[in-house]
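# A closer look at the structure
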Amino acid sequence: MSGQTSGDATPRPRLTASRFKIMSPVGFTLFTGRVLWRYFVTGREIAGPGDNATFFHDATMDRGYPLLRPYQVLTRARWRRVARRNALIGVPAALLGMEALADIVEAPYHLFDAVPPTWTGVPWFDLLQGYAGAGTMAAGVIVVPKVKAAYDIRKPAREFIYPSVQVATKILGVPYRKREALRMLDLPKGWGEGGEEIPIDATMPRLFLPAVPLDASTKKRIVANVGARLGIPNPEGDWQEVGGRAHVTFRAFPLPPVKLDAAKVVPAIEAADVTHPVVGFAQGHMPVALDYEEESPHLLVSGGSGTGKSSLVRVVLSKRMSKGNGLIVLDFKRMSHPWAQGLSRDRALYFYKIPEIHDALVMLDQELTYRMHGPAELLGTHRPVDVLVEELNSLTAMLRDYWRERRAEIKRENAAAIKDDPYADVTEPPMLSPAVRTIALLVNLGRQVSMFVHVAGQRVSANALGANGGDIRENFQSRMIAKWTRKTWAMLTDVPYVVCPSGPRGIWALVQGDRVSIVRVPYLSDEEARTLALSGPDPAEPILSSVHGHARTIDGETVQADRLAGQRGQLVSLSRAADTLDLTLEALRIASKRDDAFPIRVEEGGPGKPNLYDLAALIEWREARYGRLELGPGGGS
Ligand SMILES: Nc1ncnc2c1ncn2[C@@H]1O[C@H](COP(=O)(O)OP(=O)(O)OP(=O)(O)O)[C@@H](O)[C@H]1O
Ligand SMILES: [Mg+2]
């Protein structure tokens, strides 16, 4: 110890523990007194070096904090410390002490029936209780928002901050400390949540680094790696150094316009062709189109409730309808696409009841078979049909439930039929809902038969189509995603994460193969969509080509369907067909030579081989001549 001089020029020497003989009662009392004095009154350090904070002013120098402190944390003015200690400990202790003291002082007065001094009558303990109650409430007001803030930061911390800081500290070769991480990365509020209030480019993340030397390549690696964790495509950073410590602010990346200009939107939509409909606009109002030819014949649209899924498909499908595509909407919510309701039946068919949707899908299965099995030269010439499946996940669940009941019913009917006639021709209904199977089939084939599936759902999961559906993602190479999180992004794509920008509704990521575009989707009103849809020429053919005069009634409306889909494309000889047609072979042979309406053979027989005919064509001819046949469920061959 040195400098124990006193005087105005030199600072007052600080008392230290060694000046007191703690083991002596006087020394101990003095020491304790000094500790209490500093603790409750001056707020100075009881031990340790202390800093240059004063009673009323915050410190201006950061003392002794370790390397990793990302920015200076200075001690606050001491009055705060003192106030806190007195509020938490000083006041309650004083009140409790007064209560105890009053008890002690009162005792002798009571003994002699004298009146104790008035202060002993103060209800110290009640005061303490009141103080505790008020204090708890005040603490709640102060603490609850803090707890909430800490709670709110948990998710962004887990998703962005910890991984970012982890990779940065690894590159720098300094230890990673989770507690420090929260202070090292400034993340704009709502980062990656796609909120609608804050425009994303208002602020960008900023990373504070510890004071270690940085060269250009380290900086580059940090920007690239941290940027990837933050979901910033092609990240770039602006570096700055303050007092030996560097921080980097990420630069805003290309974002779609906040608002679309109708004068640019309409011409772009109109100019697009049917296989490349414009779906949105990227930065600088650049139109971005889907690609039904090279990329994917099917489109998957995934977004939470109310994110604009239906509005998005409306833009694409009304455009495609204007170019002659037929549309089939399967929408159990019924009102997702008013623009497509009440159109002529050669433009759009709209189904919303589950049994109807089931039947419609069975019908689509027939159409699919018809197109697949028809003459090869017709492949690719069929009228393109867009099938829209709204809420795929829920719909498949409902279709499965419906089929479970239907199936039980069919089995009961079968059992009854067999009871009547042991040789009754009954077939066991399949386990898998034929409707769900058809969606999976369409998604697997599609392109060859000119049928294009669009599914919209809240989280279109891989198993929506069941075990036989295959990996649904594989078959949808074009995906559009709204309001995604890191998790849904990983679930729906195989490409590196891109953060979901905030901003007004209508921002979508279009993922085609391994390319990502962030676009703003234009919003068409029902009127506009309908006008666009009807702007093309009148359709020349029905939506489903498997129409041969047979009709099917669904919900009171007549829908054309192919009763003979099972037979269409089946090549048979006349002798094989005779039974089914309920005619003799001789009669068939004569008709084939004399009847002009007799179907043309599909394959010529040659020596020892019979000519082959399309069974469906034979049935149609037969029915036109001799009346309708009762065909069994298996196709009756
Ligand atoms: N591209 C867009 N631009 C601006 N607003 C939009 C856009 N898309 C949707 N909206 C707004 O969001 C609302 C809901 O859109 P939409 O019904 O298409 O969402 P959804 O995802 O299909 O909802 P749901 O889950 O109820 O089916 C629309 O009425 C519209 O106000
Ligand atoms: Mg919808």
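Residues numbered from 1 in each chain as written. Chains lettered and ligands numbered in written order. Predicted model: local features only at pLDDT ≥ 70, side-chain atom pairs only at ≥ 80, totals over all residues.

### With respect to the overall build of the protein
When helices and strands are tallied, the protein shows 17 helices and 18 strands. Contacts in the protein between residues at least 24 apart in sequence constitute 65% of all its contacts with a sequence separation of at least 6. (Helix = DSSP H or I, 4+ residues; strand = E, 2+ residues; numbered from the N terminus. Contact = placed C-beta atoms within 7 Å.)

### A look at the nonpolar core
Ranked by size, the top nonpolar core spans 98 residues in total, and within it Val 279, Ile 328, Val 387 and Trp 508 carry the most contacts. When residues of this core are assigned to their parent elements, the largest contribution, seven residues, is made by helix α11 (residues 434-444). Two domains each put at least three residues into this core: domain 2 (153-250) and domain 3 (294-559). Residues in contact with Ile 328, not counting those within four places in the same chain, are Leu 349, Ala 360, Leu 364, Val 385, Val 387, Leu 388 and Ile 543. Within the second largest apolar cluster, nine residues are counted, among which are Ala 577, Leu 588, Leu 615 and Leu 618. (Core = buried A, V, L, I, M, F, W, Y, C linked by C-beta atoms within 7 Å. Buried ≥ 20, exposed ≤ 12 C-beta atoms within 10 Å, placed from the backbone. Domains from an automatic or database assignment.)

### A few points about helix α1 (residues 25-42)
Between its first and last C-alpha atoms α1 spans 24 Å; for 18 residues at 1.5 Å apiece the expected length is 26 Å, and the two agree. Gly 43 sits one or two residues past α1 and shows a positive phi near 75 degrees. (Expected span 1.5 Å × (residues − 1).)

### Focus on the pairing of strand β10 (residues 385-390)
Taking burial as the measure, the six residues of β10 include six buried ones, the bulk of the element. Of the two faces of β10, the one lined by Val 385, Val 387 and Val 389 and the one lined by Asp 386, Leu 388 and Glu 390 are each fully buried. Pairing of strand β8 (residues 326-330) with β10 involves five bridges; the strand directions are parallel. Within β10, the residue paired with Leu 327 across the bridge is Asp 386. As paired elements, β10 and strand β11 (residues 451-457) share six bridges and run parallel to each other. Across the sheet, Glu 390 pairs through a bridge with Ala 456, a residue of β11. (Pairing = 2+ DSSP bridges.)

### Focus on the site of ligand 1
The environment of ligand 1 is formed by 13 residues, the closest being Gly 308, Lys 309, Ser 310, Ser 311 and Gly 506. Split by residue class, the shell around ligand 1 holds two nonpolar, nine polar and two charged. (Near = placed C-beta within 6 Å. Nonpolar A, V, L, I, M, F, W, Y, C, P; charged D, E, K, R; others polar.)

### Side note on unusual backbone geometry
Of all residues except glycine, most have a negative phi; of all peptide bonds, most are trans. In this structure, Arg 334 is a non-glycine residue whose phi angle is positive, near 70 degrees. For Arg 334, the location among the structural elements is in the loop between β8 and β9 (348-351). Classification of Arg 334 by C-beta neighbours within 10 Å gives partly exposed; the count is 14. A positive phi is found at Asp 582, a non-glycine position, where the angle reads about 60 degrees. You can see Asp 582 is positioned in the loop between α15 (574-581) and α16 (585-594). Here Asp 582 falls in the exposed class, since 12 other C-beta atoms lie within 10 Å of it.

### Quick notes on the sheet that holds strand β1 (residues 185-186)
Judged by pairing direction, the sheet is antiparallel, and its four strands sit side by side in the order β1-β2-β4-β3 without closing on themselves. Pairing within the sheet leaves two strands with one partner each, and these edge strands are β1 and β3 (237-242). Here β3 runs beside strand β4 (residues 245-250); their pairing, made up of six bridges, is antiparallel. The partner of Val 242 across the bridge, within β4, is Arg 245. Contacting β2 (206-208), β3 and β4, helix α6 (residues 216-230) runs over the sheet at an angle of about 45 degrees to β4. (Axes fitted to C-alpha atoms, helices over the stretch in contact; angles between N-to-C directions.)

### A closer look at the pairing of strand β12 (residues 478-482)
The element β12 is largely enclosed, with a buried count of five among its five residues. Two elements, strand β7 (residues 299-302) and β12, share four bridges in a ladder whose sense is parallel. Among the inter-strand pairings, Val 301 is bridged to a residue of β12, identified as Met 480. Both β12 and strand β13 (residues 507-512) contribute to a ladder of five bridges, which runs antiparallel. In the strand pairing of β13, Met 480 is matched with Leu 510.

### Points about the environment of Leu 618
By secondary structure assignment, the location of Leu 618 is in helix α17 (residues 615-626). In the structure, Leu 618 is positioned 44 residues away from Leu 574 in sequence and 9.0 Å away in space, judged by C-alpha atoms. The residues touching Leu 618, leaving out its near neighbours within four places in the chain, are Ala 577, Leu 581, Pro 599 and Tyr 613.

### Section: the packing of helix α8 (residues 309-322) against helix α14 (residues 526-533)
For the pair α8 and α14, interaxial distance at closest approach is 7 Å and the crossing angle is 25 degrees. When the axis of α8 is compared with that of α14, the two are roughly parallel. Residues Arg 314, Ser 318, Lys 319, Met 321 and Ser 322 of α8 form the contact with α14, whose participating residues are Ala 529, Leu 532 and Ala 533. (Parallel < 35°, antiparallel > 145°, perpendicular 65-115°, else oblique.)

### Section: the packing of helix α9 (residues 354-373) against helix α10 (residues 392-420)
Where α9 contacts α10, the axes come no closer than 10 Å and their chain directions differ by 90 degrees. By the angle between their directions, the pair α9 and α10 is classed as roughly perpendicular. Here α9 contributes Ile 354, Pro 355, Ile 357 and His 358 to the contact with α10, which in turn contributes Met 398, Leu 399 and Tyr 402. Residue composition of the contact of α9 with α10, by class: six nonpolar, one polar and no charged.

### Side note on helix α3 (residues 124-152)
For α3, which comprises 29 residues, the first-to-last C-alpha distance of 41 Å matches the rise-based estimate of 42 Å (1.5 Å per residue) to within 8%. Taking the largest bend as the criterion, α3 deviates by roughly 30 degrees, centred on Val 143, and proline Pro 145 comes between one and four positions later. Along α3, only one of the 29 residues are buried, which leaves the element largely exposed. (Bend = angle between axes of the 7 residues up to and from the residue.)

### A short note on the confidence of the model for the protein
Looking at the protein, pLDDT values average 84 and 87% of them are 70 or higher. Confidence drops under pLDDT 50 across residues 1-13; counting only partners more than four residues distant or on other chains, this segment forms four contacts. In this model residues 633-637 is a low-confidence stretch, pLDDT under 50, and it forms 11 contacts with partners more than four residues away in sequence or in other chains. (pLDDT = per-residue confidence, 0-100.)

### Quick word on the environment of Glu 180
Within the element layout of this structure, Glu 180 appears in helix α5 (residues 178-184). On a C-alpha basis, the gap between Glu 180 and Tyr 162 in space is 9.7 Å, while along the polypeptide they are 18 residues apart.

### Remarks on the environment of Pro 92
By secondary structure assignment, the location of Pro 92 is in helix α2 (residues 78-111). By the C-beta count within 10 Å, which is 16 here, Pro 92 ends up partly exposed. Along the sequence, Pro 92 and Leu 127 sit 35 residues apart, while their C-alpha atoms lie 9.3 Å from each other. The contact partners of Pro 92, leaving out residues within four places of it in the chain, are Leu 128, Tyr 131 and Ala 132.

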